[in-house]
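# Coordinate inspection notes
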Amino acid sequence: MSILVITEQTGGRLHPMSLETLAAGQQLGRQLGLPVRTCVFGKSVAPLAGELAAYRLDGVVALEHDLLESYTADAATAALEWLVRESNASYVLLPHTYQVRDFAPRLATRFGRVLLSDVIGWSKDGEGIVFGRQLFQGKLNAAYRAEGGPVFVSLQAGAFRADTLEPGGAPVETLAPPMEGVSIRQQPEPPFRESARAVDLSAADLIVAVGRGIKEEGNIPLAQELADVLGAELAASRPICDNGWLPMERQVGSSGQTVSPKVYLAVGISGAIQHQVVMKGSKCVVAINKDANAPIFEIADYGIVGDLFEVLPALTDAVKKAKG
Ligand SMILES: Cc1cc2nc3c(=O)[nH]c(=O)nc-3n(C[C@H](O)[C@H](O)[C@H](O)COP(=O)(O)OP(=O)(O)OC[C@H]3O[C@@H](n4cnc5c(N)ncnc54)[C@H](O)[C@@H]3O)c2cc1C
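Residues numbered from 1 in each chain as written. Predicted model: local features only at pLDDT ≥ 70, side-chain atom pairs only at ≥ 80, totals over all residues.

## Looking at helix H5 (residues 220-230)
All of the buried residues along H5 are Ala223, Leu226 and Ala227. Each buried residue of H5 lies within a common arc of 100 degrees when the element is viewed along its axis, so the set occupies one face. Next to the buried residues of H5 lie strand S12 (206-210), strand S13 (233-236), strand S14 (263-267) and helix H8 (308-323). Following H5 by one or two positions, Gly231 has its phi on the positive side, about 70 degrees. (Buried ≥ 20, exposed ≤ 12 C-beta atoms within 10 Å, placed from the backbone. Helix = DSSP H or I, 4+ residues; strand = E, 2+ residues; numbered from the N terminus. Arc of directions from axis to C-beta. Contact = placed C-beta atoms within 7 Å.)

Shown next, in the form of structure tokens:
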């Protein structure tokens, strides 16, 4: 019985969620009294295994093969299936990244299991571990008890903190999975290249952040106008940037920028964990949302339950008047 944490790397750099998952692995190991091992897979990943070996773990595996040089679901599944069997793991923890979503359900299926995806935590009772997931934008919490093993769990971004990782030391071994007969049906494309960041939201004192409540791109100027009169930076939740209504560099969240301004005004943002986790350090959070039960109100210092299309213009006018 052991816990295996599968990390993710691209181009020789660990995905930040890998360390969050490792922190979760340490916690689960402590609670269950089980050894915790981690693995990094790819080609020439020994330096990354060395980085992981700086934490309190029972072992680090550098899983290396030519077929793992560029990620494909077929190669990752085959290599990790071998490793999970070799390590006789009872719990397999993964970060809930896009890559993990691509291969982990298939990996779990190889063991006749399902993936418990996007898990935010767990509790322990007399019968074992109960994993928690959120449904309907965080409005409902669902509890899942997994029977038998191995139990495959992917962890939501921001659910565990990398800065809680206990330092220590771990032995590293390099293993080559047997890949004979594995057919790779995917054709990897060149990696997506991010543009250089022009806006540093982390340095902003005032932020007006806009979410899906704004409805359409043509309404963004309503928030921009308020930001302008306040001298604030305009930021957004992920769906706004995914839609191309604002550039990616203005995204706040676990896959965007981390911010801690003096005032964070969240407009039409529900407050999903991936958003909250990087902005809840703001000194003052003001939320405008028409849903009184939106999770953003749980961390807001001031809340306005109302229609942003009425509140935003009124606020902008009030600030203009106050400035004379
Ligand atoms: C791996 C991963 C990474 C992620 N990274 C990020 C990230 O970096 N940043 C991020 O933001 N999200 C991220 N997400 C997405 C996140 O889970 C949420 O889906 C997202 O934050 C929701 O954005 P939203 O609040 O704008 O939209 P919604 O959740 O749709 O909320 C819209 C809100 O607007 C309110 N509203 C609607 N109309 C009005 C109105 N007229 N007046 C006032 N209020 C109104 C609604 O009540 C609702 O609360 C990530 C998800 C995953 C899985």
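Right, picking up where we left off after that structure.
## Details of the sheet that holds strand S6 (residues 91-95)
Read from one edge of the open sheet, 9 strands run S9-S8-S7-S10-S6-S1-S4-S5-S11, paired in mixed fashion. Edge strands, defined here as strands with exactly one partner in the open sheet, are strand S9 (140-145) and strand S11 (172-175). This sheet shows a mean twist of 35 degrees between the axes of neighbouring strands, independent of strand direction. When strand S5 (residues 59-64) meets S11, the two strands line up parallel, connected through 4 bridges. Along S11, the bridge assignment pairs Ala62 with Thr174. Here helix H1 (residues 16-32) sits on the sheet in contact with strand S1 (3-6), strand S4 (36-42), S6, strand S7 (115-125) and strand S10 (151-155), set at roughly 155 degrees to S6. (Pairing = 2+ DSSP bridges. Axes fitted to C-alpha atoms, helices over the stretch in contact; angles between N-to-C directions.)

## A few points about the packing of helix H3 (residues 73-87) against helix H4 (residues 98-109)
For the pair H3 and H4, interaxial distance at closest approach is 9 Å and the crossing angle is 45 degrees. By the angle class used here, H3 and H4 are oblique. When the axes of H3 and H4 are compared, the crossing they make is right-handed. Residue-level contacts link Ala73, Ala76, Thr77, Leu80 and Glu81 of H3 to Asp102, Phe103, Arg106 and Leu107 of H4. (Parallel < 35°, antiparallel > 145°, perpendicular 65-115°, else oblique. Left-handed = near helix turned anticlockwise from the far one by under 90°.)

## Details of the site of the ligand
Taken together, 29 residues lie near the ligand, and Gly211, Gly213, Ser237, Gly253 and Ser270 sit nearest. Among the elements of the structure, helix H6 (238-242), helix H7 (273-279), strand S15 (284-289) and H8 are those that each provide at least two residues to the shell around the ligand. Of the residues that constitute the shell around the ligand, the class distribution is 9 nonpolar, 15 polar and 5 charged. Residue contributions to the shell around the ligand reach at least three from each of two domains, namely domain 1 (3-175) and domain 2 (201-323). (Near = placed C-beta within 6 Å. Nonpolar A, V, L, I, M, F, W, Y, C, P; charged D, E, K, R; others polar. Domains from an automatic or database assignment.)

## Some words on the pairing of S15
Where S14 meets S15, 5 bridges bridge the pair, whose relative direction is parallel. Across the sheet, Leu265 pairs through a bridge with Val286, a residue of S15. In this fold, the crossover linking S14 to S15 by way of H7 has right-handed handedness. For S15 and strand S16 (residues 302-305), the ladder comprises 4 bridges, and the chain directions are parallel. Within S16, the position partnered with Ala287 by the bridge is Gly303. (Right-handed = clockwise from strand over helix to strand, strands pointing away.)

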